[in-house]
Amino acid sequence: MSHANIFDAGLDAAALFDLPKPASESRIVVAMSGGVDSSVVAALAAASGAEVIGITLQLYDYGAATGRKGACCAGDDISDARAVSDKLGIAHYVFDHESAFREDVVEQFADEYLAGRTPVPCIRCNMGPKFTDLFRMARELGADCLATGHYVKRVMGPAGVEMHRALDPARDQSYFLYATTEAQLDYIRFPLGGLPKAQVRELAEQAGLRNAAKPDSQDICFVPDGDYAKIVKAMRPEGGTPGAIVHAQSGDVLGEHKGIVHYTVGQRRGLDIGGQAEPLYVVGLDADSREVRVGPKRMLAVSSATLIETNRIGPIPDAPLTAKVRSLAKPVPITLEGALGDGQSVAIHFAEPEFGVAPGQAAVIYCGERVIGGGWIEETTNAA
């Protein structure tokens, strides 16, 4: 690769990695999924003048399972990561983490759905195979930092390193990274956090990377075509057991469903119950009785939520806080009750009733652009 192409874009590649010593004396480990983002990070690392090692974790054979390309950490993606590494002249290693990924992420995903919860497996993946294991590997390789292609910013604040939302709001991935520990954040670098996606693709083209135009990967790599129920039923056949659709207010049985794994709180489509005075939504799932409980939209309004297994990144400021309960949601004003972090339980209270809040999701807390932390939603309190 011609490293000058990267510098022609006006970027100081070395500065993007905030290395503790001169780049020529440094070693950077790059987590390479085979996608364009991590490939550009590897190119930038190589352009910095540091020694670069690419690591790919084979997490799931998505290509073999679905016959489709454009996945994360599997099949053709590993080939793409290897080809990019060859192009850049850097070392590249692949580690088989399928067993750990299946146990820590996929199995838990199925169990959560079976329990009537709404899981977020990408966060579990970052908490486990991606950050914990890569962090350890990079340390063992004597790297000065671990770099990834996530869109989030690492900022040095008055009290230490902070996590901030990415410059490009359409690409921001801070929701999925709230569980990053302070020790991990000290060591991990996110060089794309201050770049728009369009510029990242331009850098890939300038660097001559073969995956410059590669489509972005699926959010959930092991779920083909978004058919969550198919995956869950394959692993937990009991999830397809029929049950009653019950009106949450009257208790009337309105119909029969084909298994609670087909439903999540807030869902409207797919209920197949007509003749109602007003639109009905899934407002609750009872795994024990296999009931899907439905009601009017107002029953989805939530005033507060209890969070468990919480994480905190840096001190909590004496300033207004906001929270996101879904990755694509806008942060909304909240107040925090309890000591966030160290796995403790806390409560968040919404300034206005919030919709689409369900057990199993994550709630991520912000102060402006800064990520304060967050936790898993264990239970909610209705606003009504």
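Residues numbered from 1 in each chain as written. Predicted model: local features only at pLDDT ≥ 70, side-chain atom pairs only at ≥ 80, totals over all residues. Heavy atoms only, no water.

1. Section: the packing of aromatic side chains
In this description, a pair of aromatic rings is defined by centroid distance and the angle of the planes.
Step number 1: All chains considered together, the criterion is met by five aromatic pairs.
Step number 2: Plain terms: the ring middles of F131 and F190 are 6.5 Å apart, the flat faces sit at 40° to each other, and that makes the pair tilted. Within this pair, whereas F131 is found in helix α6 (residues 121-140), its partner F190 is found in the loop between β7 (188-189) and α8 (197-206), the two being separated by 59 residues in sequence.
Step number 3: When its relative accessible area of 2% is taken as the criterion, F131 is described as buried.
Step number 4: Overall, the relative accessible area of 6% leaves F190 in the buried class.
Step number 5: Note on Y178 and W376: the rings are 6.5 Å apart at their centroids and 75° apart in plane angle, and the pair reads as edge-to-face. One end of the pair, Y178, is in the loop between β6 (160-165) and α7 (182-187); the other, W376, is in strand β17 (residues 370-382), and 198 residues separate them in sequence. (Phe/Tyr/Trp six-rings, centres within 6.5 Å; stacked < 30°, edge-to-face > 60°. Helix = DSSP H or I, 4+ residues; strand = E, 2+ residues; numbered from the N terminus. Buried < 20%, exposed > 50% of the residue type's maximum accessible area, 1.4 Å probe, protein only.)

2. Re the pattern of salt bridges
Step number 1: In total, this model carries 22 salt bridges according to the counting rule given.
Step number 2: With a shortest N-O distance of 2.7 Å, R210 and D80 are connected by a salt bridge. Of this pair, R210 sits in the loop between α8 and α9 (228-235) while D80 is found in helix α4 (residues 75-88), placing the two residues 130 residues apart along the sequence.
Step number 3: Between E107 and R102 there is a salt bridge whose closest N-O contact spans 3.4 Å.
Step number 4: One network of salt bridges, with partners in common, ties together D37, R171, K197, R201 and D216. (Salt bridge = Lys/Arg side-chain N within 4 Å of Asp/Glu carboxyl O.)

3. Comments concerning the sheet that holds strand β10 (residues 281-286)
Step number 1: Spatially, β9-β8-β11-β10 is the arrangement adopted by the four strands of the open sheet, whose pairing is mixed. The outermost strands of the open sheet, each flanked by one partner alone, are β9 (253-257) and β10. Going from strand to strand, the sheet's axes swing by 30° on average, the running direction of each strand aside. (Pairing = 2+ DSSP bridges. Axes fitted to C-alpha atoms, helices over the stretch in contact; angles between N-to-C directions.)

4. Observations concerning the pairing of β9
Step number 1: In the sheet, strand β8 (residues 243-247) pairs with β9 via four bridges, with the strands oriented antiparallel. Along β9, the bridge assignment pairs G243 with H257.
Step number 2: Here β8 folds back onto β9, and the loop between the two strands holds five residues, one of which, G251, carries a positive phi near 85°.

5. Regarding the sheet that holds strand β4 (residues 145-147)
Step number 1: Sheet architecture is open: five strands sit in the order β3-β2-β1-β4-β7, paired in parallel fashion. Here the strands that pair on one side only, and so sit at the sheet edges, are β3 (91-96) and β7.
Step number 2: The pairing of strand β1 (residues 27-31) with β4 spans three bridges and is parallel. Counterpart to I28 in the pairing with β4 is C145.

6. Structural notes on helix α2 (residues 36-47)
Step number 1: For α2, built from 12 residues, the straight-helix expectation of 16 Å at 1.5 Å per residue is met to within 8% by its first-to-last C-alpha distance of 16 Å.
Step number 2: Counting buried residues along α2, 12 of its 12 residues qualify, which places the element largely inside the surrounding structure.
Step number 3: What α2 keeps buried is the set V36, D37, S38, S39, V40, V41, A42, A43, L44, A45, A46 and A47.
Step number 4: Positive backbone phi, approximately 95°, marks G49, located one or two places after α2. (Expected span 1.5 Å × (residues − 1).)

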